[in-house]
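Letter by letter, the chains look like this.
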Amino acid sequence: MNVEQDKILEEVTGSEYKYGFITDVDTETIPRGLNEDVIRIISAKKNEPEFLLDFRLKAYNHWQTMQMPTWPHLKIPEINYQDIIFYAAPKQKVSPASLDEVDPEILSTFAKLGIPLEEQKRLTGIAVDAVMDSISVKTTFRETLAELGIIFCSFSEAVQEHPDLIKKYMGSVVPYTDNYFAALNSAVFSDGSFCFIPKGVRCPMELSTYFRINAANTGQFERTLIIAEDDSYVSYLEGCTAPMRDENQLHAAIVEIVALENAEVKYSTVQNWYPGNKEGKGGVFNFVTKRGICKGDNSKISWTQVETGSAITWKYPSCILRGNNSVGEFYSVAVTNNHQQADTGTKMIHIGKNSKSTIISKGISAGFGQNSYRGLVKVLKNADNVRNFSQCDSLLLGDKCGAHTFPYLEVDNDSAIIEHEATTSKIGEDQIFYCNQRGIDTETAIGLIINGYAKEVLNKLPMEFAVEAQKLLQISLEGSVG
Amino acid sequence: METTNTLSELSHQLVDLFTENSELIEKESTDYMNSFRTKALEDFNKFGLPTKKQEAYRYTNLETYFKGEYFPVLSPENFSLNLTDIFKCDIPELDTYVVLVLNGFYYNKNIYHYLPEEVTITGLAQASKNQNGVFNKHYGKYADTSLDGLAALNTLFAQDGVYIHIPKGVELEKPIQIINICYSFKNLRITHRNLIVAEDNSKVNVVVCDHTLCDKSYLSNSVTEIYAGENSYIAYNKIQNENIKSTQLSNTFIHQEANSHVTSNTISLHGGLIRNNVYVTLNAPGCENNTYGLFFADDHQHIANYAEIRHMQPHCHSDQLFKGILDDEATGTFNGKIYVAKDAQKTEAYQRNNNILLSKTAKMNSKPQLEIYADDVKCSHGATMGQLDNDALFYLRTRGINEKEARHLLMYAFANEVISITNVPHLKERIIELVDKRLRGELSRCNNCTIGCT
């Protein structure tokens, strides 16, 4: 490619992170480090019932026996767990009844991020649970939703108000023994969102959680639990940002979804944690365990993710397709620019008969970014007539980045039809030439081509998110096109 | 955890076996060959026999296969019978230079009529003693013992095998046929090591046939190093047809220089455990590499294919195609990798794996991988698993073809894509015949029978 084009590419992918500001708000933190006492402090602060403390301690003891896995295609600097603050909360009254009681600084933070916490803004039609550092700040539209029997609140509130549901479902999809970071999260998780859709209810608005890391030296460990009872439907969104800081921050979350008979859950993520600066300094380590179980027949779980942030992303939103005729979907766009690394993908475990899954993964690498797709499609012995289609494409912008594909297909049933295909290429010079010839400059052309490439996934996002995601894609790649 | 322990125990036993017999093993070999054993021992001590914990061996459990009682072949047997009386290749029309290898050792009575005198075909041990420099230039250079525990194990015990040298500019029209025979009344552990050097502008066609002549258990661990010089052309066809008790671990390391062309095609008809590792390094621009495989597995067989193509330089082209048909309780594995180094621009690399599962209990694992560090490339991979197409079956039935025949026809058509690649005329017909027999289940019957009437 010619020099002119290189220059434009560099400009396009070189833009700054615009959510990097810090909110000046009083924060209550506990001392650095991790030990049993810290876990007891967290549990006491949240006034948790006995069973939860037991759960945390069991998880902690298990975590101590584990070692950080080394199999991903990532270069992870060593993490000193004794140097992390495991609990940080903006000082405020416990669960504000109305918006007036919320610290105006926090409100303005979310306003700056474009998250509507004021319920007057009905137009957006989204109920938001805003989580800052370790604490849920405010959940909007609670009352409206409660009328339908929908419970949407912070995880801590759910622990107080619906301990039976928590006891029944927490850890049922991602047990604390699952992996290193799941164990860590189970021991120290601070808050998160809880959502329960009762039988036969179709949730009238999009539910959304917005995560924000603010305090320095903290890790964020939240837990989301979504339960969709028979014949229900919910669409759930998750967004996240963090200030620019020189040190790496750890984010190890768990998301669990339970879909009962005929239920459908759509989970969309636009992940935009601080990716670190151009030299690869700072940024968030995003090590998340996300898993849903299609427990009942005819249930459906759909994951959509747009991953543009984080210094290192390491997550595999997965589906356990236990019900007959259940459906799992995974749509992903992952962008790595500068020195970002990503090892992401999905697992589709087919247990039920006639279960189907679709995997569409689009990786985009620029700068020195390393982007890997890693996915498992597993068909168990008794899962008859399983159908899977996977497509993993990678786009390379620049000659210093890498794109890798590691699919695993394990099939133990002869009636399964499994297809996997992947391609790796760069943006065609002929495509750019065609655009140029039509009077579109190279920068716009590249944006156009990338958006077209990711369209299959962006189409799956709820409208408000799709617009944001499209912009985000452009910003993330600003200055890197070459 | 338990698996790891037992395998590491077995690895220790193998190391002990080597240290106890090192004098015997090293006696017949040159100092140069022996010089590789130190590093191999070091690597083997480090890695041991590959366990399921290693990514490349995730789906292959070697433990059960190594656990059996085997008599290690450490020196050539005194074989009084004439091997050609016991074994005759059953493709009479196939006109080749026949190279017989008995239990891993080069058979000394091999005669090659009308072999051009520039070309050398001889035993590896013999070749290492001929001081013309070619052997020392290539031996041990491509089989990286730190890549694979099995390669290290082979290098540790390697004494003999086949050595082929095609000098510059020589085009050998008649194929060379290497026939590996396992013949013994004891269970044997066999190590053999081959080296094929095709220098610049040369051409050679190699056919390898693996046979077991007795109903004993054999565990053979072979390493074949292939060097393809500039503009050279190598076709390497391998046909594996062994009894159900045999374990074949075959490691092929191919090193290609500029504008060379190598096609390897492995057809696994029968065997207990078959593991084919193919490592290809495209070391200069303009190389073309085709790696193909076809396998049939039934009963409790396990057939694993591992192919790693490393594009180190720009403008190379590679193609992988592996097809498998699995029945009964057989398990199959495909593990392919395309690696494109940072500066290997304009690479074209393709990879495909198609499988048919015929029974509920058959199992297939597929892991096609891409690892790419250059941007101006075209790479793709695809994998499918399915069964015979019901519509196609129905169509054939409506044409008056009975179900059994129709199924057979479809399976044959599936396999034919790989078979048709074989470019040795009479061999192709023979493979078609063998595959046909295999699909009808006759071949497994013969292989499991102790009478040996064929």
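Fair warning: this is a prediction, and the values are worked out from it, not measured in the lab.

### Digging into the overall build of chain A
Item 1. Each helix and strand in chain A was counted, giving 11 helices and 24 strands.
Item 2. Counting over 482 residues, chain A shows a buried share of 57%.
Item 3. Considering only intrachain contacts with a sequence separation of at least 6, the fraction spanning at least 24 residues in chain A is 83%.

### As for the overall build of chain B
Item 1. Looking only at helices and strands, chain B features 11 helices and 20 strands.
Item 2. Against the compact-globule benchmark of 22 Å for 454 residues, chain B has a radius of gyration of 21 Å, which places it among compact chains.
Item 3. Overall, chain B is about 70 × 55 × 55 Å in size when its C-alpha atoms are taken along their principal axes.
Item 4. Counting every position in chain B, which comprises 454 residues, the buried fraction comes to 52%.

### Here we look at the nonpolar core
Item 1. Counting residues in each nonpolar core, the largest one holds 250 residues, and the members touching the most others are A:Ala228, A:Ala259, A:Val265, B:Val101 and B:Val340.
Item 2. Setting aside residues no more than four positions away along its own chain, B:Val101 makes contact with B:Tyr106, B:Tyr107, B:Gly161, B:Val162, B:Ile178, B:Ile179, B:Asn180, B:Ile181 and B:His192.

### Quick look at the packing of helix α9 (residues 429-437) of chain A against helix α10 (residues 442-458) of chain A
Residue and element names in this part refer to chain A.
Item 1. Between α9 and α10, whose axes approach to 9 Å, the crossing angle comes to 125°. Considered as vectors, α9 and α10 are oriented oblique to each other. Handedness of the crossing formed by α9 with α10: right-handed. Of α10, the residues touching α9 (which contributes Gln431, Ile432, Cys435 and Asn436) are Thr442, Ala445, Ile446, Leu448 and Ile449.
Item 2. Partitioned by chemical class, the residues of the contact of α9 with α10 number six nonpolar, three polar and no charged.

### Regarding helix α7 (residues 149-157) of chain B
Item 1. Burial analysis of α7(B) places nine of its nine residues in the buried class, which makes it a mostly covered element.
Item 2. For α7(B), the complete set of buried residues consists of B:Gly149, B:Leu150, B:Ala151, B:Ala152, B:Leu153, B:Asn154, B:Thr155, B:Leu156 and B:Phe157.

### Focus on the interface of chain A and chain B
Item 1. Across the boundary between the two partners, chain A contributes 30 residues, which contact 30 residues of chain B.
Item 2. Contributions of two or more residues to the side of chain A that touches chain B are made by β22 (387-397), β23 (402-411) and β24 (417-426) of chain A.
Item 3. Class assignment for the residues of the side of chain A that touches chain B results in 13 nonpolar, 10 polar and seven charged.
Item 4. Pairing geometry for β24(A) and strand β20 (residues 377-386) of chain B, over seven bridges, is antiparallel. Looking across to β20(B), one finds that A:Ile418 is bridged to B:Met385.

### Brief notes about the environment of A:Ala215
Residues and elements named next belong to chain A.
Item 1. Along the chain, Ala215 falls in the loop between β7 (206-212) and β8 (222-228).
Item 2. Judged by the 23 C-beta atoms lying within 10 Å of it, Ala215 is buried.
Item 3. In the structure, Ala215 is positioned 192 residues away from Thr23 in sequence and 8.5 Å away in space, judged by C-alpha atoms.

### Quick notes on the packing of helix α3 (residues 50-65) of chain A against helix α8 (residues 180-188) of chain A
Residues and elements named next belong to chain A.
Item 1. Running from N to C, α3 and α8 point in directions that differ by 145°, and their axes come no closer than 7 Å. When you trace α3 past α8, the crossing you get is left-handed. Judged by residue contacts, Phe55, Arg56, Ala59, Tyr60, His62 and Trp63 of α3 engage Ala183, Leu184, Ser186 and Ala187 from α8.
Item 2. Class assignment of the residues belonging to the contact of α3 with α8 gives a composition of seven nonpolar, two polar and one charged.

### Considering unusual backbone geometry
Item 1. You will see that A:Asn262, though not glycine, has its phi angle at about 60°, which is positive.
Item 2. Tracing the sequence through the fold places A:Asn262 in the loop between β11 (254-259) and β12 (264-271).

How each quantity is defined
Residues numbered from 1 in each chain as written. Chains lettered and ligands numbered in written order. Predicted model: local features only at pLDDT ≥ 70, side-chain atom pairs only at ≥ 80, totals over all residues. Helix = DSSP H or I, 4+ residues; strand = E, 2+ residues; numbered from the N terminus. Buried ≥ 20, exposed ≤ 12 C-beta atoms within 10 Å, placed from the backbone. Contact = placed C-beta atoms within 7 Å. Rg over C-alpha atoms; globule rule 2.2 N^0.38 Å. Core = buried A, V, L, I, M, F, W, Y, C linked by C-beta atoms within 7 Å. Axes fitted to C-alpha atoms, helices over the stretch in contact; angles between N-to-C directions. Parallel < 35°, antiparallel > 145°, perpendicular 65-115°, else oblique. Left-handed = near helix turned anticlockwise from the far one by under 90°. Nonpolar A, V, L, I, M, F, W, Y, C, P; charged D, E, K, R; others polar. Pairing = 2+ DSSP bridges.

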